[in-house]
Amino acid sequence: MLFSLEQELPPVLPHRAEEKAPLLKPCDGTSPPSVLNPSLPSSATNPGTNMTDSKYFTTTKKGEIFELKAELNSDKKEKKKEAVKKVIASMTVGKDVSALFPDVVNCMQTDNLELKKLVYLYLMNYAKSQPDMAIMAVNTFVKDCEDPNPLIRALAVRTMGCIRVDKITEYLCEPLRKCLKDEDPYVRKTAAVCVAKLHDINAQLVEDQGFLDTLKDLISDSNPMVVANAVAALSEIAESHPSSNLLDLNPQSINKLLTALNECTEWGQIFILDCLANYMPKDDREAQSICERVTPRLSHANSAVVLSAVKVLMKFMEMLSKDLDYYSTLLKKLAPPLVTLLSAEPELQYVALRNINLIVQKRPEILKHEMKVFFVKYNDPIYVKLEKLDIMIRLASQANIAQVLAELKEYATEVDVDFVRKAVRAIGRCAIKVEQSAERCVSTLLDLIQTKVNYVVQEAIVVIKDIFRKYPNKYESVIATLCENLDSLDEPEARAAMIWIVGEYAERIDNADELLESFLEGFHDESTQVQLQLLTAIVKLFLKKPTETQELVQQVLSLATQDSDNPDLRDRGYIYWRLLSTDPVAAKEVVLAEKPLISEETDLIEPTLLDELICYIGTLASVYHKPPSAFVEGSRGVVHKSLPPRTGSSESAESPETAPTGAPPSEQPAVIPAQGDLLGDLLNLDLGPPVSGPPLTTAPVQMGAVDLLGGGLDSLPRGDVSGSPAMGGANFAAPPAGTMPANLGAPLGGGLGDLFDLAGGVGTLSGSYVAPKAVWLPAMKAKGLEISGTFSRQVGSISMDLLLTNKALQVMSDFAIQFNRNSFGLAPAAPLQVHAPLSPNQTVEISLPLNTVGSVMKMDPLNNLQVAVKNNIDVFYFSTLYPLHILFVEDGKMERQMFLATWKDIPNENEAQFQIKDCPLNAEAVSSKLQGSNIFTIAKRNVEGQDMLYQSLKLTNGIWVLAELRVQPGNPTFTLSLKCRAPEVSQHVYQAYETILKN
């Protein structure tokens, strides 16, 4: 579950939706009542009371449990109460007092509310470890649920929900049903939350007993707190069952929720607002009506209520026309509450700033006049400073740029290194965003370079490179100043930026060859980023000044191809080498091509993700800037949300869960995808128009033995390149034959796409990895018959390789084998052939062919196989787990456009991420090893020094699994992301990866 900005009560007290302590403090400043004096109001809990409670925590004497037992059975009520307090004190400090269970339960039969609360507290803590004893308390619950005092009725139903013991749940249904229809609203609101807790223990029971319908009825209750708790309970249940339409909201029920909104407590308001955010109004008039009734919540003292209200308004504003007067009024009303959030303590400021960052990206006009509140204060913690800086740049415009630049220049002289770096980068980002300020920004950056502070100089050079990209032929006069600082650069990014500048403007720098040669001396010690940039820069220099730099380019190509282990560097080296040796004119057109201007903001969140995050304002997702599916683990499905379609768009209004997420909303700035973003950088080199066919289903697809990537380079004719014309008449040799990969001898007619074709054919004859045989059935369990075995897949056929050993004193014969129904329909394809009787101490080896056309039944775990083996002595049963890779078929290599379309089509909640540790292989070894087991690499990219392998595999039942494997050179831990329409197979596919790669 995603929590609003709140935290749960300490674990001693059970979780109750109606008692949540806010992270953003409640307005009344109350504190919870004393654990030991639950009957006392919180105001009575003062240091004096704590002093009297401390006696219960005094050190133990010999035979303490025995003494407590005697006191618990005392006839005096006061003595009994004191004893229970001592028991609770011992329990609180971690002592085991479960031995006193029957004695404490006996104390339940009392009219004293304080004693009853203490006993119930004990019961909640120990019922799980003493389920048989807990049944003793059932009668008291049933009786207490009919007590004339509503506090006791509510206490009984609350405790029932917290006792997570299956045996008891069925006894609690009748009392719970009565409490749900109780005359007192306090009892009803407690019972509503109890339904959610009971659903967590036994969902089927709750559905059978009709509690969900009763909960839905409570949404129409006359008491606002009952409504709020009913909504909270239904939302919680709906989260664990995303497919069920429990909160079936309609205009009538929405009206009831909005009426309750004004009267319930702050946390009740949050539950209702979160529920409203999941509603899809039928038209813009309804959306406006809801917005008008939610707007007063913006002035609430609790920041969590404010953020929940902002979420509802941001979502429904999508449906309002921008021409409406109400739209501009709403924009004005949203700014003050967001500004007020920034006057809280730093931690709350940070949460508010992370949410504002999303809001500003979606609707910058809300806060465009509020720039000053984001100016950094001297005593702000670093995390607040950096976040404020980010928002300042997003709000920078021609109107306020002078003010912003003056601030940023001030920040660049601070003492905090991280902050200074970000401030210098911010000046560069302002230059790119606001063209009129570019000249001012460049002169500011030059002033900062003159300070000669190492890290300031390096950051300035990185951002000046981007300014050159945005405004070509405008500010190149500063290159001389940059070259003076060449020796002080020690960070890879700054070195790479400087090398790019020298290569790009080589014709303007007289000694460009000397400068680049100085970098070349320590080529193998440089980072990959610098090596790649240096290779490109020297090739650019050669194309601009061919006669002077031939030796230099030969040297760098040789270093990159023959002396380097990095496949990306080698590939780029070979491409340049081939280009230069076959067609210098084409090389010039490719390498010196005009570059597109860089986008204004390269760090914007991708529009569809931004829309989803707006739906999660006020939750952890809005702080992490990641969708919940990226960090919420466990079986609970996370619903994929998106904003409603804009008014006047052709899309029909759908519910938030099903609204299309493919089309970005209107008026979003163009975004250069972040490098880590799979969909942004995956195979973009050679993708044609998007696939228009229907998305892949899980039904089996007969692909046949077809090379999905069109044969790759292997099918192209080999060409001799040594006789190609050399550049400018110079003798520019082709790369030596011994150093070229086999399939690079072909002309490059196949386009860059072919360079990523790691395998020409489909499937492999080498066969997948076979685990060593393990003992499945020990002789002592099978009257002397021992069975060992393993599974293998060779050239498309699966077999079970068995070793039968007779350790009995009699001959064994008449063997037969049978499988129970299993998840993938595995069954013997032929009888078990043991050609001669098995004599004592004799062993026979048998390979039993299998097929996948048997009966299917989902097993737990998924790869469990139950086997029966019969011989002349008896029938024996055993079960074993088969490795999933024996089910990976040979035609599992997906066409790359289909891969991209399918990856986008599979919901994000189906993505699972795993770590593969202690695997010291490089990307090429990993790829070939996996291909042996029918896991095919579609493409490979290098992103920020990481090798990214994009892979596909198909199971025998037609289920496709798509994978992204990140391999960091020198790091033995790999990150594996799997996407599949049947997410339950992901864990087993990961185990298959681990097994194959580690053996």
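- You'll find the chain entered in an unreviewed UniProt entry as Adaptor related protein complex 1 subunit beta 1, with Sarcophilus harrisii given as the organism.
- In the Sequence similarities (unreviewed entry) part of its UniProt record, the chain is described as follows: "Belongs to the adaptor complexes large subunit family."

**Looking at the packing of aromatic side chains**
One pair of aromatic rings is described through two measures. These are the centre distance and the angle between the planes.
Okay, so step 1: Within the structure shown, the criterion is met by 11 aromatic pairs.
Okay, so step 2: Note on Tyr411 and Phe419: the rings are 5.2 Å apart at their centroids and 40 degrees apart in plane angle, and the pair reads as tilted. We note that Tyr411, like Phe419, is buried.
Okay, so step 3: Of note, Lys385 hangs over the ring of Phe419, and the distance from its end group to the ring centre comes to 5.2 Å.

**Quick notes on the packing of helix H14 (residues 251-261) against helix H15 (residues 266-277)**
Okay, so step 1: Interaxial distance between H14 and H15 falls to 10 Å at its minimum, and their mutual angle equals 150 degrees. Between H14 and H15, the angle is such that the two are roughly antiparallel. Seen along the crossing, H14 lies across H15 with a hand that is left-handed. Across the interface between the two elements, Ile254, Leu257, Leu258, Ala260 and Leu261 of H14 pack against Gln269, Ile272, Leu273, Cys275 and Leu276 of H15.
Okay, so step 2: For the contact of H14 with H15, the class distribution of residues is 9 nonpolar, 1 polar and no charged.

**Here's the deal with the sheet that holds strand S9 (residues 864-870)**
Whenever strands of a sheet pair, they do so through backbone hydrogen bonds, lying parallel or antiparallel.
Okay, so step 1: Pairing is antiparallel in the open sheet, where 3 strands are placed in the order S6-S9-S10. The open sheet has two free edges, formed respectively by strand S6 (816-819) and strand S10 (875-881), since each of these has just one partner strand. Neighbour-to-neighbour, the strand axes of the sheet open up by a mean angle of 25 degrees, direction not taken into account.
Okay, so step 2: Direction of pairing for S9 relative to S10: antiparallel, over a ladder of 7 bridges. In the strand pairing of S10, Gln866 is matched with Ser879.

**Brief notes about helix H37 (residues 923-931)**
Okay, so step 1: Those residues of H37 that fall on the buried side of the exposure criterion are Ala923, Val926, Ser927, Leu930 and Gln931. Here the buried residues of H37 occupy an arc of 125 degrees about the axis, which is enough to place them on one side.
Okay, so step 2: Here the buried face of H37 lies against strand S12 (936-943), strand S13 (946-954), strand S14 (960-967), strand S15 (974-980) and helix H38 (986-998).

What counts and how
Residues numbered from 1 in each chain as written. Predicted model: local features only at pLDDT ≥ 70, side-chain atom pairs only at ≥ 80, totals over all residues. Heavy atoms only, no water. UniProt positions renumbered as here; feature names shortened; annotations may be inferred. Phe/Tyr/Trp six-rings, centres within 6.5 Å; stacked < 30°, edge-to-face > 60°. Buried < 20%, exposed > 50% of the residue type's maximum accessible area, 1.4 Å probe, protein only. Lys NZ or Arg CZ within 6 Å of the ring centre and 35° of its normal. Axes fitted to C-alpha atoms, helices over the stretch in contact; angles between N-to-C directions. Helix = DSSP H or I, 4+ residues; strand = E, 2+ residues; numbered from the N terminus. Parallel < 35°, antiparallel > 145°, perpendicular 65-115°, else oblique. Left-handed = near helix turned anticlockwise from the far one by under 90°. Contact = heavy atoms within 4.5 Å. Nonpolar A, V, L, I, M, F, W, Y, C, P; charged D, E, K, R; others polar. Pairing = 2+ DSSP bridges. Arc of directions from axis to C-beta.

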